[in-house]
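Results of the structural survey
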Amino acid sequence: MSGLLSNFRNTIIVSVILALVIVVGYGHSPHGHDSSYFQAIFRLLHVWFGILWIGLLYYFNFVQIRVMPQIPAELKPAVSKYIAPEALFWFRWAALFTWVMGVILAFSRGYLLEAATLGLAGGYTPGVDMGFTFIGTGMWLATVMFFNVWVFIWPNQKIALGMVEADADAKAKAAKTAMLFSRTNTLLSIPMLATMAMNQTLFG
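Remember, it's a predicted structure, so these values are computed and weren't measured experimentally.

**Considerations on the packing of helix H3 (residues 35–67) against helix H7 (residues 168–203)**
At a minimum axis distance of 10 Å, the contact between H3 and H7 shows a crossing angle of 140°. Handedness of the H3/H7 crossing: left-handed. Residues Arg 43, Ile 54, Leu 57, Tyr 58, Asn 61, Ile 65 and Arg 66 of H3 form the contact with H7, whose participating residues are Met 179, Ser 182, Arg 183, Asn 185, Thr 186, Ser 189, Ile 190, Met 192, Leu 193 and Gln 200. Taken together, the residues that form the contact of H3 with H7 break down as eight nonpolar, six polar and three charged.

**Considering the UniProt feature "domain: Urate oxidase N-terminal" (unreviewed entry) in the chain**
Here the UniProt-annotated "domain: Urate oxidase N-terminal" (unreviewed entry) positions come out as residues 133–199. End C-alpha to end C-alpha, residues 133–199 measures 10 Å, and it is 90% helix and 0% strand.

**Re the layout of surface pockets**
In this structure, the largest pocket occupies an estimated 800 Å³ of space. For the lining of the largest pocket, the elements supplying multiple residues, two or more each, are H3, helix H4 (76–108), helix H5 (112–116), helix H6 (130–160) and H7.

**A look at the packing of aromatic side chains**
Considering all chains together, one arrives at 13 aromatic pairs under this definition. For the pair Trp 99 and Phe 146, a centre-to-centre distance of 5.1 Å together with 10° between the ring planes defines the contact as stacked. In this pair, Trp 99 is assigned in helix H4 and Phe 146 in helix H6, connecting sequence segments 47 residues apart. Take Phe 146: its relative accessible area is 17%, and that puts it in the buried class. Look at Phe 152 and Phe 181: their rings are 4.0 Å apart centre to centre, the planes differ by 0°, and that puts the pair in the stacked class. Placement of Phe 152 in helix H6 and of Phe 181 in helix H7 is noted, with a sequence separation of 29 residues between them. According to the relative accessible area criterion, Phe 152 is partly exposed, its value standing at 27%.

**Quick word on H7**
An ideal rise of 1.5 Å per residue puts 52 Å on 36 residues; H7 measures up with 51 Å between its terminal C-alpha atoms. Of all bends in H7, the biggest is about 35°, found at Ser 189, and the proline Pro 191 comes one to four residues later. Regarding H7, the residues found buried are Ala 174, Ala 178, Ser 182, Asn 185, Thr 186, Leu 188, Ser 189, Met 192, Thr 195 and Asn 199. In the core, the buried residues of H7 are packed alongside H3 and H6. Between the side-chain oxygen of the N-cap and the backbone nitrogen of Asp 169 there are 3.2 Å, and the N-cap of H7 in question is Asp 167. One or two steps after H7, the chain reaches Gly 204, where phi turns positive at roughly 75°.

Calculation rules
Residues numbered from 1 in each chain as written. Predicted model: local features only at pLDDT ≥ 70, side-chain atom pairs only at ≥ 80, totals over all residues. Heavy atoms only, no water. Axes fitted to C-alpha atoms, helices over the stretch in contact; angles between N-to-C directions. Helix = DSSP H or I, 4+ residues; strand = E, 2+ residues; numbered from the N terminus. Left-handed = near helix turned anticlockwise from the far one by under 90°. Contact = heavy atoms within 4.5 Å. Nonpolar A, V, L, I, M, F, W, Y, C, P; charged D, E, K, R; others polar. UniProt positions renumbered as here; feature names shortened; annotations may be inferred. 1 Å grid on protein atoms, 1.4 Å probe; cavity = no way out; pocket = protein on both sides within 12 Å on 5 of 7 lines; lining within 4 Å. Points joined across faces, edges and corners; volume = space filled by probe spheres on them. Phe/Tyr/Trp six-rings, centres within 6.5 Å; stacked < 30°, edge-to-face > 60°. Buried < 20%, exposed > 50% of the residue type's maximum accessible area, 1.4 Å probe, protein only. Expected span 1.5 Å × (residues − 1). Bend = angle between axes of the 7 residues up to and from the residue. Polar contact = N/O pair within 3.5 Å; in protein donor to acceptor, adjacent residues only side chain to side chain.

Structure (structure tokens):
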């Protein structure tokens, strides 16, 4: 067991295999392999990628950004050259796949247009379309966060981490810009998660 858990790749492979067994098992539910079954798979992927994305967002903001000023100068390259680029790789792709799976899920469940228009598509019925207003708000917040990752955070982090040639002033400016947009995403994350977590329970 120690040999398995000591190898990250093998740990993930076994975890995925166990998850696939469960996914296949759910094919024997009363829904069989109808549209609900595939919606459940899209939801699983949406949630998993979302955990990876927001988990790394919180790592950056709860830990790395706050602790970096306390790290001795000679140790900072370990973070900026090794840890941060690897974390940013998983961070940006998790953001993309979270967003894509969320759109696929909303489309497959037939509420993408209603959510995108905050319940206004086809006329708004108070108390009925409110669920679309809430989930749509969450989807738009997540879209802004996804946009921030790819348009502002990642391009500026490449400069700040020296992955793109730039002088010291440009690196400092890029680092601050990336930090501000990362903090913006942190600010938006809790209201976004509130809509995602509560809407399914209260509106189905």
